[in-house]
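# Examination of the molecular architecture
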There are 2 protein chains.
Amino acid sequence: MTAWGARLAGVRGVLLDISGVLYDSGEGGGKPIAGSVEAVARLKRSGLKVRLCTNESQKSRGRLVGELRHLGFDVSESEVTAPPPAACQILKERGLRPYLLVHDEVRSEFDEIDTSNPNCVVIADAGENFSYQNMNKAFQVLMELENPVLISLGMGRYYKVTSGLMLDVGGYVKALEYACGIEAEVVGKPSPEFFTSALQEMGVEAHQAVMIGDDIVGDVGGAQRCGMRALQVRTGKFRPSDEHHPEVKADGYVDNLAEAVDLLLQHADK
Amino acid sequence: MTAWGARLAGVRGVLLDISGVLYDSGEGGGKPIAGSVEAVARLKRSGLKVRLCTNESQKSRGRLVGELRHLGFDVSESEVTAPPPAACQILKERGLRPYLLVHDEVRSEFDEIDTSNPNCVVIADAGENFSYQNMNKAFQVLMELENPVLISLGMGRYYKVTSGLMLDVGGYVKALEYACGIEAEVVGKPSPEFFTSALQEMGVEAHQAVMIGDDIVGDVGGAQRCGMRALQVRTGKFRPSDEHHPEVKADGYVDNLAEAVDLLLQHADK
C-alpha cells in the first residue's frame, strides 16, 4: 500500500463519525474509546478543520453533545452535522407532515413540524419504539398515500453499545420498503447531500477532506463516493472482515482515532 | 383474453390459499368471505382434488382449522399444507437448533425441536412479538454464527384483517437480511419446494393444478413458476393495481372464490 504521506497529502479538513470512533454508546452515557478524548483535542489544536458528522438519530444534538462533554470531549453543538435538522429542512420545503417513527429523545428536534394528518413517514433509529404497533402504523400511513414518501435518517445496519451489537434503522427501512414496494429517501450518511453539507459547514473541498469512521459502507464508502478520502478505525462496529469488503476499500485502516490523528498530524497539510 | 374453457382445461386439482380467500382473519376469529363456505363445499363435492396451501404462521394448524370449522368451513387438519411442519423437517434433517421469532400461538408446532444454544433463527409472522428486543436477539444470534442460517416461514408483505392491512413476516426478514448481510431460506409460498409438496400431498401434477390466492406475487407468481396455473381473487389483500403488476400476470382474475369455483365447475376436468 502507498505510504501514508502520499495517502494523506493535501488533507485540510477532517470529518469524524462519533459513535464507535469517539465513544461506544450504552447505559449511563457510554464510554470514551481509549485515546479519543486526547485525539480530538490534538486535532482541534492542529489547525486542521474538524467537524463531527454523525447519523445519531436516537438523541437530540444537545443531548449528544452534553454526553460527549461529560465524557471529556471538547465539542459544541455547532460543530455537529446530524440528520434531524437536515430532515426538518426537507419537510418544510416540501410541505410534508410526517408520522414520526423515532426515539422519544429526538422528537424535540421536530417540535416546529406539523405532524397532523400525516402525508409521509420519517424513520430514525427508534430503539424500543420499533414495536410492531408503531411499524404497522407507519406501514398503514404509507399504504394510504397515493405517492408514499419515506424519509430515513441514515441506513445503518447496526451499531455497538457497551453490551453488544444493536440493530440500527436500516433494517427497518428495508422492511417498510419491501412491504410497501417503495424506496426510501435517505437523509444522513451515506447520502452525498449530507456529506456535502458537512463539507460546506467546514469550508473544505471534498478532495481536501478525510472521513474517519467505523462503518465501512456508511462512512468509508459514502465519503469516497463524494470524492473524499476515508479511514476506517478498528473500534466500534469494526469487524475484521471489513478489511476484505467486496465493494469498499478504505484509504487506510487504523487501530483507533488516536492512531489516525498521529498519522494526520505527521502527514496532512496544516 | 382466451376463453375460460381453454384456460381451465385439464385442471384436476385446486390449491386454495386460506387468508383473504376463505376468510379475512381478525378479532374473534375473523369473518368468512361471502360465498366462500359454500364454494369450498361445492368444490369438495365436485370430484376435483382440493388442498389448502397457506403461509399462515401465526397459528398452529389445529387452531387454524378449528377457527375455519367454527366459521362453517368443512375442512380438516390433514388437508392443510403449512410452513411450520416443513420447517421442522428441515431443522431435524440439518441438526439446527433455532431461536424462534414466532407468534406464541405457533410455538407448539416446534415442541419437538431443541431450541437450546441456538445455531439458527426461524422467523414467522410473529405479530406483536416483533418487538425491538426480540428482533435484536435474532440479529445477535445470527451475527455470532460463522455460517448464519435464517429460515423464514413465508415472505408475505402484508395481509388483511377485518380492521385493515397488517405487516407480514417478509419485511422483518428483509430487515435481518440487510443488518446481517445474509439471505434467508424461505419455507412456504413462494418457495417451489413448498408448492411441490402440496401438489404431492394432493396427488396431482403441476400442469393439472390451479392455485387460487389473493397474493399476486406469493400465490400467483409462485405457483406459475412451478408450472401451475393461478387465479387471483379480488378479496383479501387484492388491490386493483395487482391486475397491472409489472412482473406477474394471473391466468385469470375473479371477484371471489365463489366465482372461481363457478368457472372451475363449468370448465375443469372432474
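Description of the structure in this document.

Rules used in this analysis
Residues numbered from 1 in each chain as written. Chains lettered and ligands numbered in written order. Predicted model: local features only at pLDDT ≥ 70, side-chain atom pairs only at ≥ 80, totals over all residues. Heavy atoms only, no water. 1 Å grid on protein atoms, 1.4 Å probe; cavity = no way out; pocket = protein on both sides within 12 Å on 5 of 7 lines; lining within 4 Å. Points joined across faces, edges and corners; volume = space filled by probe spheres on them. Helix = DSSP H or I, 4+ residues; strand = E, 2+ residues; numbered from the N terminus. Disulfide = S-S within 2.5 Å. Buried < 20%, exposed > 50% of the residue type's maximum accessible area, 1.4 Å probe, protein only. Phe/Tyr/Trp six-rings, centres within 6.5 Å; stacked < 30°, edge-to-face > 60°. Lys NZ or Arg CZ within 6 Å of the ring centre and 35° of its normal. Nonpolar A, V, L, I, M, F, W, Y, C, P; charged D, E, K, R; others polar.

## Let's talk about the layout of surface pockets
The gaps of empty space that remain are located by a probe, the size of a water molecule, rolled over the atoms. Residues and elements named next belong to chain B. Estimated volume of the second largest pocket: approximately 920 Å³. Around the second largest pocket, the lining is made up of 44 residues, and of these Ser25, Glu56, Asp125, Tyr159 and Asp168 lie nearest the centre. Among the secondary structure elements, those contributing two or more residues to the lining of the second largest pocket are helix 3 (61-70), strand 9 (158-161) and helix 8 (216-225). It is helix 8 that contributes the most residues to the lining of the second largest pocket, 4 residues altogether.

## Focus: the state of the cysteines
Within this structure, the stated rule accounts for 0 disulfides over all chains. Cysteine 180 of chain A forms no disulfide, and the closest cysteine sulfur to it belongs to cysteine 120 of chain A, at a distance of 13 Å. Cysteine 53 of chain B supplies the cysteine sulfur nearest to cysteine 226 of chain B, a cysteine that is in no disulfide, at a spacing of 9.5 Å. The class of cysteine 226 of chain B is buried, set by a relative accessible area of 19%.

## Here we look at the packing of aromatic side chains
The geometry of two aromatic rings is summed up by the distance between their centres and the angle between their planes. Tallying each qualifying case throughout the model produces 8 aromatic pairs over all chains. With a centroid separation of 3.8 Å and 5 degrees between ring planes, the pair formed by phenylalanine 130 of chain B and tyrosine 172 of chain B is classed as stacked. In this pair, phenylalanine 130 of chain B sits in the loop between strand 7 (120-123) and helix 5 (132-143) while tyrosine 172 of chain B sits in helix 6 (residues 169-180), placing the two residues 42 residues apart along the sequence. For the residue pair phenylalanine 130 of chain B and tyrosine 172 of chain B, the accessibility class agrees, reading buried in each case. An aromatic cluster is present here, built from Phe130 and Tyr172 of chain A together with Tyr132 of chain B joined pairwise through their rings. One residue, arginine 7 of chain A, lies across the ring of tryptophan 4 of chain A, its end atom 3.9 Å from the ring centre.

## Considerations on the environment of valine 21 of chain B
Residues and elements named next belong to chain B. With respect to the helices and strands, valine 21 occurs in the loop between strand 1 (13-16) and strand 2 (23-24). When its relative accessible area of 0% is taken as the criterion, valine 21 is described as buried. With 212 residues separating them in the primary sequence, valine 21 and valine 233 have C-alpha atoms 7.0 Å apart.

## What about empty space enclosed by the protein?
Enumeration over the complete set of coordinates arrives at 3 cavities of 30 Å³ or more. Roughly 80 Å³ of volume is contained in the largest cavity. Looking at the lining of the largest cavity residue by residue, the class counts come to 3 nonpolar, 1 polar and 5 charged.

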